[in-house]
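Now for the letters of each chain:
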Amino acid sequence: MEALKGVRILDMTHVQAGPTCSQLLAWMGADVIKFENPQGDATRGQLRDIPNADSLYFTMLNCNKRSITVNMKSAEGKEVFVDLLKKCDIIMENFGPGVLDRFGFTWEKIRELNPKIVMGSIKGFGSTGPYAEFKAYENVAQAMGGSMSTTGVPDGPPFVTGAQIGDSGTGLHLAIGLLAALRQAERTGQGQYVEVAMMDGVMNLCRVKFRDHQRLTRGDLPEYSVPTYKDMGEVPRAGNDSGGGQLGNAIHCKPHGANDWLYIVVQEAVWDALAKRIGPEIHIPDLATDPRFATIGERRKNQQLMWTLINKFAEKYTKRELMAILNPLDVPCGPIMSTEDLANDEHVRGRDMWVELDHPQRGKWFNVGMPIKLSASPAVIKRSPTLGEHTEEVLKQVLNYDDARIAALKEGGAFSAPPKTPKAPKKVLAQ
Ligand SMILES: CC(C)(COP(=O)(O)OP(=O)(O)OC[C@H]1O[C@@H](n2cnc3c(N)ncnc32)[C@H](O)[C@@H]1OP(=O)(O)O)[C@@H](O)C(=O)NCCC(=O)NCCS
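A. Representation of a nonpolar patch on the surface within the structure. A cluster of nonpolar side chains, namely Y131, F134, Y137, V140 and M144, defines an oily patch on the protein surface of about 490 Å² accessible area. Relative to the assigned elements, F134 resides in the loop between β5 (118-123) and α6 (138-144).

In C-alpha cells form, the structure reads like this:
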C-alpha cells in the first residue's frame, strides 16, 4: 500500500518550489488535487518545446496529481474552495506575499474552517522581517541565502548552481515539515501552519559555509586551496575544493573536453595507495614517502602541487579509465556526468531515475524518477494532468456535487477565467 494513501492535499502551488513538494507527496500516495487558476499554472506555457502542449517544465513537476480549475475571484469559486478545504488534510501554496489573504483566506480563517488541516506555505523570505513582502525566484534565493557568494572562483563573479536548491530544495524542506505536522495533527486533532522561506532553505543547505565563517574568527582555513586568513570576514569562493575535512578537486582527463573531468577526494586513508600508484608514472617513485605530502597537514599546505601531480597522471586517461584505476584503491571519485551521460546511464535507468512516460498532448517523454525509495511502497509514476482534467471528477467524487449544482456553479463562473475588462481607450490630448 502507498505510504500516504488516504491523505488528501489541496495543492494551490505553482511554478517549481511548491509543485516539487506536492509531486513527492503524490509519489508517496497522497491524493493531490492541483487547484489551478482557470488560466492554469503559468509553467504549462513556459519554455514550450511542442506548440499547444503542456511544457516539460510543467509535466516534470506535476505527475500523479489531479487538476481542477477554480476561479477564486468569484463567490462560486470560493464556495468550492471552502468545501474542498473541509475535505483535505493539507493545504499548500506558494503564492506571492498576501495573495491568499486577498482572497479572504488567512491562516486563521482556514483553521477556523478546518481545525485539523495542516497548511504549508512557501515564501521567498517568510511572513516576518524586512524582506517579507518581496517575491522570489530560484536565483534570488541562491543570491540571498549564501550560495552564490560561496560558489565560483575568488577572482570571478559569483555563480548560481545548476541544482535548484532555492526552489526544489525548499520544496523538500516543506515536505518534511508537512509530514511532521500531519503526524502531530493525527495525534492532537489540531493542524498547524508550516512555513518555509526559500532564503532559509538555501542557508540550511549552505550550513558548512557558516561553519567556515565562524572558523575564520580563529584562524585561516587550511583545507581551502585559495588564500584565507584570520578575521577575513567573508567565506571566499573556493572553486571545486571539497568543502569538507578531506581534500578534493576536479581533475581534467583525456580528451580534455567540457565534461572530461573526474572529481577525486584524496581521503587521508587512501593517500599511501594513491601515491604508490601514480608516483612511478609521473617519475616520482617515492611519492608515498615524500615529506611534502606525508601528513594530511602537509598535503593541505602543498595541495596545489598535489593537484598538479594528479592532473599530470590523469593526462593520458579518460575520466572512466581514471575511475577504473582509482576505484580498486578505494579512492572516492566520480566522473562529471553530463545530462546526456545521465539520460543514458545504465545505473540511472536501473534505479528508475530516468522514467519514460506518455502524455496525450506530447507523446513519449522522460521524467527524473523518485529519489526516495520506500521498500513497501515504491512510487508508481503517472503523467501530469491536463488543465482541469479532473474538475468534474473531483466535484462529484470528493464533494458529492450533483450535475445540477455543477451546472449552476459553472454558470456562475466558478471554473472559468473572468472575462477581461476592456481597457478604457487612451485619451488623445488635444494638440
Ligand atoms: C513565484 C512568484 C514570484 C510568481 O509571482 P506572480 O506570477 O506575480 O504570482 P503571485 O503568486 O504573486 O500571484 C498569483 C496571482 O494569480 C491569482 N490566482 C492564483 N490562483 C487563482 C485562482 N485559482 N483563481 C483566481 N486567481 C488566482 C492570484 O490572485 C494572484 O493575482 P493578484 O496578484 O491579482 O492577487 C510568486 O508567486 C512568489 O514570490 N511566490 C513565493 C515564492 C516562490 O515560491 N517562488 C518560487 C517559485 S518557483
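B. How the structure looks around the nonpolar core. In this structure, I9, L25, I90, L174 and L178 are the most contacted members of the largest nonpolar core, which totals 35 residues. For this core, the elements supplying multiple residues, two or more each, are α1 (17-27), β4 (90-93), β5, α7 (168-188), β6 (193-197), α8 (198-205) and β10 (354-357). Not counting chain neighbours up to four residues away, the residues in contact with I9 comprise L25, A30, D31, V32, I33, C88, I90 and M92. In terms of nonpolar packing, the next biggest core, distinct from the first, is built from 32 residues, F103, F105, I117 and L409 among them.

C. Inspection of the sheet that holds strand β2 (residues 31-36) at higher detail. A sheet is described by the order of its strands in space; here six strands give the open sequence β3-β2-β1-β4-β5-β6, paired in parallel fashion. Each edge of the open sheet carries a strand with a single partner, namely β3 (65-69) and β6. On average, each strand axis in the sheet is tilted by 20 degrees relative to the strand beside it, whichever way the strands run. Where strand β1 (residues 8-11) meets β2, four bridges bridge the pair, whose relative direction is parallel. Looking across to β2, one finds that R8 is bridged to D31. The sheet contacts of α7 involve β4, β5 and β6, and relative to β5 the element is tilted by about 160 degrees.

D. Seen up close, the site of the ligand. Surrounding the ligand, one finds 23 residues, the nearest of these being V70, M72, G96, K135 and A136. Within the contact set of the ligand, an oxygen atom lies 3.0 Å away from a side-chain nitrogen or oxygen of H14. A distance of 2.5 Å is found between an oxygen atom of the ligand and a side-chain nitrogen or oxygen belonging to K135. Computed on the free molecule, the ligand has an accessible area of 930 Å², of which 80% lies beneath the protein chains in the complex.

E. Highlighting the sheet that holds strand β7 (residues 247-252). Spatially, the three strands line up as an open sheet ordered β7-β8-β9, and their pairing is antiparallel. Looking along the sheet, the strands with just one partner apiece sit at the ends: β7 and β9 (333-335). Sheet twist, expressed as the mean angle between neighbouring strand axes with direction ignored, is 15 degrees. In this structure, β7 lies alongside strand β8 (residues 261-266), joined through six bridges in antiparallel fashion. For A250, the partnering residue across the bridge sits in β8 and is Y263. Against the sheet, helix α12 (residues 303-314) touches β7 and β8, its axis set at about 35 degrees to β7. Most of the contacts of helix α13 (residues 319-326) go to β8, to which it runs at about 25 degrees, and overall it touches β7, β8 and β9.

Reading the values: the criteria
Residues numbered from 1 in each chain as written. Predicted model: local features only at pLDDT ≥ 70, side-chain atom pairs only at ≥ 80, totals over all residues. Heavy atoms only, no water. Patch = residues over 30% accessible without salt bridge, like charges linked within 9 Å, V, L, I, M, F, W, Y side chains within 5 Å. Areas by Shrake-Rupley, 256 points an atom, 1.4 Å probe, with all protein chains shown as cover. Salt bridge = Lys/Arg side-chain N within 4 Å of Asp/Glu carboxyl O. Helix = DSSP H or I, 4+ residues; strand = E, 2+ residues; numbered from the N terminus. Core = buried A, V, L, I, M, F, W, Y, C linked by side-chain atoms within 4.5 Å. Buried < 20%, exposed > 50% of the residue type's maximum accessible area, 1.4 Å probe, protein only. Contact = heavy atoms within 4.5 Å. Pairing = 2+ DSSP bridges. Axes fitted to C-alpha atoms, helices over the stretch in contact; angles between N-to-C directions. Near = heavy atom within 4 Å. Polar contact = N/O pair within 3.5 Å; in protein donor to acceptor, adjacent residues only side chain to side chain.

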